Structure formats: C-alpha cells, structure tokens
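For reference, the chains in residue letters:
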Amino acid sequence: AAVRHRLSEVTLRSKTTALFPVLLQGEKGTGREIAAKWLHFRSPHLDRMFCRLNAASLMEETMLNAFLIKEKGCYKPKNLGTLYLGEAEPLRLHVHDRLMEILDEGSIVTPDGREVAVTFRVVASTSQDLRELVYNRTFKEELYYKLNVINIQLPPLRERQEEIAGMAQQMLEGAAQKYALRVKGFSPEALQVLKNYYWPGNVKELESVVMRTLIFSSQEMIAEGDLRFGPEEMSAASEAQDEAPEDRKPVMEVIKPERRGAEKQPLQFPAQGEDAFKELVAELAHEIKNPLVAIKTFTQLLSERFDDKEFREQFYRTAGENIDRINQLVEKIMGSARFARPR
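Enquirer: Lay out the overall build of the protein chain with the relevant residues and their values.
Expert: A count of helices and strands for the protein chain gives 15 helices and 11 strands. In the protein chain, which comprises 343 residues, the proportion classed as buried is 38%. Long-range pairs, those at least 24 residues apart, make up 74% of the contacts in the protein chain with a sequence separation of at least 6. When the accessible surface of the protein chain is split by element, carbon and sulfur atoms take 51% of a total near 21000 Å².

Below, the structure is given as structure tokens:
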C-alpha cells in the first residue's frame, strides 16, 4: 500500500515531474519493472514507447538504438517515453558517460554527426545499494545523483504480509479467467500458509506458486494441502503414492546408516531415501526461515515500545546475532542438500 501511494504521488504530479528520473530499489522479484510501467502508463507520455534495457549487457551502440531510428538513410529520434534500466549497477563506465551527457544536454549526437533533441524519462532499478558501489568507485557518483532524483523503495514480500492474500487472489482470478478454469479462491488455512512463508523470490515466486497450484489443483476452493511451493513436489508425491504401504519407512529410518558395517562403508542414500532427506531439509529450512520475519518485525518495534535504551540495544544485538546465525545454518543446510532443481 505504501508503494502504491508513493507511485501514485509521483504520477499525480506528473505534469511537472514527468521527466524527472526515478530510482527503484528493492530485492529481485519485488516488481520493479511493473512499477516502472505503472509510472510510464500514468504519465503524459503513455502514448510513447516504453523501452527496457538490461544494464549488464548494455553497450553504447545498443543504447543509441533506443533513442534513434534510421529512415531513408537519415537518423531520427524515436518516440521514446520511458527508458527503463534494469539492474543498473553493472552499467559500463563508458555507457555512464554517454548517459550523463544525454541527461545533461537533453539531446543526442547521431552517428552521422547531427545533434537531435530527445525527451524522455529514465527509470533505473537496482537490488543493491548504489551508494556502496559509488564508495567503491564502481558506479559514478555524478550519475547516481542524476538517477536518484525520486527514490522509491520496494520492500520484500515478507514485509508486506497484509498484501499477500489480495495479491494471490488477484493472480488466481486472472489466471483462472485466462485459462477458463473454475477456481474461486483460497481457504483461510491456505492464505495463512501463504502469509507465513518467507518468499525469498518475492512477488515472482508468489506468482509461480499460484500458477503451479492452479495447474495441479482440481478444487474450486484451494486448500492448504493443494499449495505447490516447488517443482519437485508433484514427482515426489506421485512416487510416494506408487510405493506400497508396507515398503514405506519413516524419514529418519530411511536416511540413517545401518549400524552393521557403518564404520567401514560410507553413508549411501537410495533414490527414495534421498528424496525423503531433501523433503526433510526443505521442511526444516521453512520451519526456521518463517519465524525470522516475526522476529525482525518485533525487533524493529522495540524503539517504540520500550523506554530502556540499554535494554533495547542489547535485545536488538542479541536477536540480530541469532537471526544471522540461524540464516547461515539454513543456507548451509539447503546447500548441502544439492537439489536437482530450485526448491
């Protein structure tokens, strides 16, 4: 809601600020390109082009092609409204110079030596702290200040729990209408699971989970057990169903080594045992990751709820260290599982 308010605030003043540069900051998957398009299509230049350029592979010639078009041997300016630079941090230094020159002069020199005026808004996005890159001299300070005229922070999805239910429902309805499927919504239990999940992939991951759940669910009202968080879940579930009940073993019995000869032979996981171990690891990781959101949120509220400054600082330091330690542990566990596909 705060993001929409900030975007609306910029667009409401668009008659005077339609050309002011905007810097969108947030983790990957938070919807920065969507926000850039929001700004474009609510500006006076919505009838002009929205051009997206990947800064990591951007060469000077490619950037010039975003502004110019060649007709009958003569270069003319394109009808460009918004130039969107995705992941601006790896921008090459020589491209830095040319972009600053265009922003300063409001014009561009064509390959045949003519200078033509260009009118556009540049919207840059980044998942890193550009100030740190400026400090390390890998991003030019002058360009940073030129791009950072209007700064909009897009918080990660795990910090926007109150929006998750509405977003998931909107995604579900849109997909159901597109593919002509009869799905009404999510059960309260399913919505609670979505709210409590850590969402490392942010909005993009939520969209993926909703689509995967829609594909494999035959219910009009999606229940907690219908949610599909990973591409391996369907194959693992089908293998478990095919297995005879008498052949099934508890997870810990499957993954533990046999005592006889354990000293001489290294631990070996059978195929089903390995899947069970991966399932255990993923469950453990989620059980640890999910409370991190509540812990950090509560810690941030300490300054408003407690008057003892020394206590606040001690609590924050202790909680922060434990959060970092738990997070490191989870990353090691996930890394050691070596999933065949992202989980």
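Enquirer: With reference to specific residues and values, describe helix α4 (residues 60–67).
Expert: At 3.6 residues per turn, the α-helix brings residues three or four places apart onto the same side. Inspection of α4 places Met63, Leu64, Ala66 and Phe67 among the buried residues, and these make up the whole buried set. Around the axis of α4, the buried residues are gathered within 150° of arc, so they sit on the same side. Its buried side turned inward, α4 meets β2 (49–54), β3 (68–71), β4 (74–77), β5 (80–86), α5 (93–105) and β6 (107–109).

Enquirer: Give a description of the packing of α4 against α5 that names residues and reports values.
Expert: Two elements in contact, α4 and α5, have axes separated by 9 Å at closest approach and are oriented at 25°. Classified by the angle their axes make, α4 and α5 are roughly parallel. Mapping the contact onto sequence places Glu60, Met63, Leu64 and Phe67 in α4 and His94, Val95, Arg98, Leu99 and Ile102 in α5. Its residues placed into classes, the contact of α4 with α5 shows six nonpolar, one polar and two charged.

Enquirer: Could you give an account of the confidence of the model for the protein chain, naming the residues involved and the relevant values?
Expert: Across the protein chain, pLDDT averages 76, with 69% of residues at or above 70. Note on residues 232–271: pLDDT under 50 across the span, and 29 contacts to partners over four residues away in sequence or across chains.

Enquirer: I'd like to hear about the nonpolar core, residue by residue, with values.
Expert: Within soluble globular proteins, side chains that are nonpolar tend to cluster in buried spots. By size, the foremost hydrophobic cluster in this structure holds 32 residues, and its most contacted members are Phe67, Leu83, Ile108, Phe120 and Phe139. Among the elements of the structure, β2, α4, β5, α5, β8 (121–126), α6 (130–135) and α7 (141–147) are those that each provide at least two residues to this core. When neighbours within four sequence positions are excluded, Leu83 is seen to be in contact with Cys51, Leu53, Ala66, Phe67, Leu99, Phe120, Arg121, Val122 and Val123. Core analysis: the next-biggest nonpolar cluster, separate from the first, contains 21 residues, Ala175, Ala190, Leu194 and Leu206 among them.

Enquirer: Residue-level account of helix α10 (residues 202–216), with values.
Expert: Look at α10: 22 Å from first C-alpha to last across 15 residues, which is about the 21 Å you get at 1.5 Å a residue. Taken as a whole, α10 has its buried residues at Asn202, Val203, Glu205, Leu206, Val209, Val210, Arg212, Thr213 and Leu214. Elements that come into contact with the buried residues of α10 comprise α8 (161–178), β10 (185–186) and β11 (221–222).

Enquirer: Explain the sheet that holds strand β1 (residues 22–26) to me, and be specific about the residues and the numbers.
Expert: Note: strands within a sheet are paired through backbone hydrogen bonds, in either parallel or antiparallel orientation. Read across the sheet, five strands follow the order β2-β5-β8-β1-β9 without closing on themselves; strand pairing throughout is parallel. Looking along the sheet, the strands with just one partner apiece sit at the ends: β2 and β9 (150–154). Looking at each pair of strands side by side, their axes are set apart by 20° on average, direction ignored. Relative to β8, β5 is paired through four bridges, and the arrangement is parallel. Within β8, the position partnered with Leu83 by the bridge is Val122.

Enquirer: Give me the lowdown on the side chain of Glu89, citing residues and values where you can.
Expert: Residue placement: Glu89 occurs in the loop between β5 and α5. For the buried Glu89, which has no salt bridge, the nearest side chain bearing the opposite charge is Arg32, at an N-O separation of 5.8 Å. There is a polar contact of 2.6 Å between the side chain of Glu89 and the side chain of Thr126. Those residues in contact with Glu89, other than ones at most four positions away along the chain, are Ser125, Thr126, Ser127, Gln128, Leu130, Leu133 and Phe139.

Enquirer: Quick rundown of the environment of Met221? Include the residues and the values.
Expert: Structurally, Met221 can be placed in strand β11. Along the sequence, Met221 and Lys184 sit 37 residues apart, while their C-alpha atoms lie 5.6 Å from each other.

Enquirer: Summarise the packing of aromatic side chains; cite the residues concerned and give the values.
Expert: Taken as a whole, this structure holds six aromatic pairs when the rule is applied. Ring centres of Phe50 and Tyr84 lie 6.0 Å apart, and the angle between their planes is 25°; on these two criteria the pair is classed as stacked. Of this pair, Phe50 sits in strand β2 while Tyr84 sits in strand β5, and the two are 34 residues apart along the sequence. Ring geometry for Tyr197 versus Trp199: centroids 4.5 Å apart, planes at 90°, classification edge-to-face. Judged by its relative accessible area of 0%, Trp199 is buried. Through a chain of ring-to-ring contacts, three or more aromatic side chains come together here, namely Tyr197, Trp199 and Phe229. Between Arg42 and the ring centre of Trp38, over which it is positioned, the NZ or CZ distance is 3.7 Å.

Reading the values: rules and limits
Residues numbered from 1 in each chain as written. Predicted model: local features only at pLDDT ≥ 70, side-chain atom pairs only at ≥ 80, totals over all residues. Heavy atoms only, no water. Helix = DSSP H or I, 4+ residues; strand = E, 2+ residues; numbered from the N terminus. Buried < 20%, exposed > 50% of the residue type's maximum accessible area, 1.4 Å probe, protein only. Contact = heavy atoms within 4.5 Å. Areas by Shrake-Rupley, 256 points an atom, 1.4 Å probe, with all protein chains shown as cover. Arc of directions from axis to C-beta. Axes fitted to C-alpha atoms, helices over the stretch in contact; angles between N-to-C directions. Parallel < 35°, antiparallel > 145°, perpendicular 65-115°, else oblique. Nonpolar A, V, L, I, M, F, W, Y, C, P; charged D, E, K, R; others polar. pLDDT = per-residue confidence, 0-100. Core = buried A, V, L, I, M, F, W, Y, C linked by side-chain atoms within 4.5 Å. Expected span 1.5 Å × (residues − 1). Pairing = 2+ DSSP bridges. Lys, Arg positive; Asp, Glu negative; His and termini not counted. Salt bridge = Lys/Arg side-chain N within 4 Å of Asp/Glu carboxyl O. Polar contact = N/O pair within 3.5 Å; in protein donor to acceptor, adjacent residues only side chain to side chain. Phe/Tyr/Trp six-rings, centres within 6.5 Å; stacked < 30°, edge-to-face > 60°. Lys NZ or Arg CZ within 6 Å of the ring centre and 35° of its normal.

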